[in-house]
Amino acid sequence: MTALDSPAQSGEAAGPGPKTEAGPSAPGIEPAPIDRRRRGAAWLLTVGMIAALVALVLASGALGAYPIPAGDVLSSIQHRIGLGGTSLDRVAESVLWNVRFPRIVLALLVGASLGCAGALMQGVFGNPLAEPGVIGISSGAAVGAVCCISLGLNFFGNWTVSACAFVAGLATVLLVYGTSRSGGRSEVVTLILTGIAVNAFAGAMIGLFIFFADTAAVNQIAFWQLGSLSQATWPKVLAVLPCALLGLAAAPLYARRLDLLSLGERPARHLGVDVERLRLVLVLVIALLTAAAVAVSGIISFVGLVVPHLLRMAAGPGHRFLITGSALGGAVVLLAGDLAARTLAAPAELPLGVLTAFLGSPVFFWLLRRTRRTQGGWA
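Rules used throughout
Residues numbered from 1 in each chain as written. Predicted model: local features only at pLDDT ≥ 70, side-chain atom pairs only at ≥ 80, totals over all residues. Heavy atoms only, no water. Axes fitted to C-alpha atoms, helices over the stretch in contact; angles between N-to-C directions. Helix = DSSP H or I, 4+ residues; strand = E, 2+ residues; numbered from the N terminus. Parallel < 35°, antiparallel > 145°, perpendicular 65-115°, else oblique. Left-handed = near helix turned anticlockwise from the far one by under 90°. Contact = heavy atoms within 4.5 Å. Nonpolar A, V, L, I, M, F, W, Y, C, P; charged D, E, K, R; others polar. Core = buried A, V, L, I, M, F, W, Y, C linked by side-chain atoms within 4.5 Å. Buried < 20%, exposed > 50% of the residue type's maximum accessible area, 1.4 Å probe, protein only. Expected span 1.5 Å × (residues − 1). Salt bridge = Lys/Arg side-chain N within 4 Å of Asp/Glu carboxyl O. Phe/Tyr/Trp six-rings, centres within 6.5 Å; stacked < 30°, edge-to-face > 60°. Lys NZ or Arg CZ within 6 Å of the ring centre and 35° of its normal. Disulfide = S-S within 2.5 Å. Patch = residues over 30% accessible without salt bridge, like charges linked within 9 Å, V, L, I, M, F, W, Y side chains within 5 Å. Areas by Shrake-Rupley, 256 points an atom, 1.4 Å probe, with all protein chains shown as cover. Lys, Arg positive; Asp, Glu negative; His and termini not counted. Polar contact = N/O pair within 3.5 Å; in protein donor to acceptor, adjacent residues only side chain to side chain.

If you want to describe how two helices pack, look at the angle between their axes and the distance between the axes. Across the interface, helix α3 (residues 90-125) lies against helix α8 (residues 234-250) with an axial gap of 10 Å and an inter-helix angle of 25°. Relative to α8, the element α3 lies roughly parallel. The way α3 lies across α8 gives a crossing that is left-handed. Note on element contacts: α8 touches α3 through Trp 234, Lys 236, Val 237, Val 240, Leu 241, Ala 244 and Leu 248, opposite Trp 97, Asn 98, Phe 101, Pro 102, Val 105, Leu 106, Leu 109, Ala 112, Ser 113 and Cys 116. Its residues assigned to classes, the contact of α3 with α8 comprises 14 nonpolar, two polar and one charged.

So this is what it looks like as structure tokens:
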């Protein structure tokens, strides 16, 4: 049995004591062999994801309409950071550092933000279905960004779109959180229904803005609906970097308290956790991470749902690894997805949000089927 099957993760009230196989336990309760096995799996996954990131960065820099050998990419990086290497010719340097590397860095930031936000949401809501895209937070943040584009707002300069996305994303997450709470816990069915309603309303709002927008704004809004990193530039990276880094740095600080919260609200309070304050702070962190991602990439679904699930199945439900591992895994998934999006149908480019939804939906169906078979479904 995994954390996906535990009552705490499905939103049900926790029993008087934690189950060693169902979720994180108090120190000393979990058998040592299981603990060692999970730690070993966490280390192997971390090393594997870091190695995959390095390989994907080199591959993303090398592949494209203007191919550059991977050795030249590495040499150029070494030259730029002062570790030897040589610079490339003018065209190759321009393609690498003005086109591909901004896109690579943006993919890393967006993927890490979405993966981390998904892990946090599953811990905060206490169930495995919570994810910014599935329950409508990404759509809500996109409405804020689309509104900004359609109305031509520019009161914060490069920060205007991010600020509008943050406000709309925060309002959405507070709405979802308040609606899904009943009797001191979040209900999965209510959570899904709220997400359906929010996504439908967000789609209607985006359609309304498209109706009243001019041609230039319509083209930009289409980017938000499909999800893409094709417009990546260094100024966009710098605009989203503070939000993403702040959220990613703050999230691991709450790993221990999320472990205690997964035991149930009452046990967590007895162990000294201010549950409502913890949820409020993490809701703000989730909104910050989601807004940072949506503001530059549009709507990209399923990354924050699937990545934490798979890592939890492999290494257990402990948030100390799950939060940082989900950030790493999200970066790997999105960088690989972006590389596939711009190479599979070259010279055309597939929408990244469409590709992640196309690949993520079967995994989600598999998780639903697996949980129904082992646990009878998510109550």
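Once the structure has been displayed, the description carries forward.
To continue, consider the nonpolar core. The biggest cluster of nonpolar side chains holds 82 residues, and the ones touching the most others in it are Val 110, Cys 116, Leu 120 and Phe 125. If you tally residues by element for this core, the top one is α3, at 19 residues. Ranked by size, the runner-up nonpolar core spans 19 residues in total, among them Ile 206, Phe 223, Val 294 and Ile 299.

Once that is clear, we can look at helix α12 (residues 303-315). Between the first and last C-alpha of α12 there are 18 Å, a value that for 13 residues agrees with the 18 Å anticipated at 1.5 Å per step. Buried residues dominate α12, accounting for 10 of its 13 residues. The complete set of buried residues in α12 reads Val 303, Gly 304, Leu 305, Val 306, Val 307, Pro 308, His 309, Leu 311, Arg 312 and Ala 315. Positive phi appears at Gly 316, one or two residues downstream of α12, with a value of about 95°.

Take Pro 235: it is sitting in helix α8. Distance from Pro 235 to Pro 102, taken between C-alpha atoms, is 9.0 Å for residues 133 residues apart in sequence.

If you check helix α11 (residues 275-297), its first and last C-alpha atoms are 32 Å apart, about what 23 residues at 1.5 Å a residue would give, namely 33 Å. Gly 298 occupies a position one or two residues after α11 and carries a positive phi of about 80°.

The subject of this paragraph is the pattern of salt bridges. By the definition in use, this model includes six salt bridges. When the shortest N-O distance is used, the salt bridge between Arg 269 and Glu 265 registers 3.4 Å. In this pair, Arg 269 and Glu 265 both sit in helix α10 (residues 265-270), four residues apart, roughly one turn of the helix. Judged by its relative accessible area of 43%, Arg 269 is partly exposed. Overall, Glu 265 belongs to the buried group, its relative accessible area being 14%. Linked by salt bridges that have partners in common, Glu 265, Arg 269, Glu 276 and Arg 279 make up one network.

Scanning all chains against the criterion turns up three aromatic pairs. Between the aromatic rings of Phe 211 and Phe 212, the centroid separation amounts to 5.0 Å while the plane-to-plane angle is 85°, which identifies the pairing as edge-to-face. Each member of the pair, Phe 211 as well as Phe 212, is classed as exposed. Note that Arg 80 overlies the ring of Trp 97, its terminal NZ or CZ placed 4.5 Å from the centroid.

The backbone of Phe 302 shows a phi angle near 75°, a positive value even though the residue is not glycine. With respect to the element layout, Phe 302 can be found in the loop between α11 and α12.

In total, this model carries zero disulfides according to the counting rule given. Unpaired in terms of disulfides, Cys 164 finds its nearest cysteine sulfur in Cys 148, a separation of 4.1 Å. Relative accessible area serves as the criterion here: at 15%, Cys 164 is assigned to the buried category.

Glancing now at the side chain of Ser 301. Residue position: Ser 301 is located in the loop between α11 and α12. Judged by its relative accessible area of 18%, Ser 301 falls in the buried class. Residue contacts for Ser 301: discarding those within four places in its chain leaves Glu 131, Gly 133, Thr 356 and Ala 357.

Below, the discussion takes up a nonpolar patch on the surface. On the surface, a nonpolar cluster with roughly 520 Å² of combined accessible area is contributed by Leu 151, Leu 153, Phe 155, Phe 156 and Trp 159. Relative to the helices and strands, Phe 155 is located in the loop between α4 (137-151) and α5 (160-180).

This part takes up the side chain of Arg 100. Along the polypeptide, Arg 100 turns up in helix α3. Here Arg 100 is buried and forms no salt bridge, its nearest opposite-charge partner Asp 338 lying at an N-O distance of 9.5 Å. In terms of polar contacts, Arg 100 uses its side chain to reach the backbone carbonyl oxygen of Ala 62, at 3.3 Å. The residues contacting Arg 100, other than those within four sequence positions of it, are Ser 60, Gly 61, Ala 62, Leu 63, Gly 64, Ala 65, Tyr 66, Pro 67, Ile 68 and Val 95.

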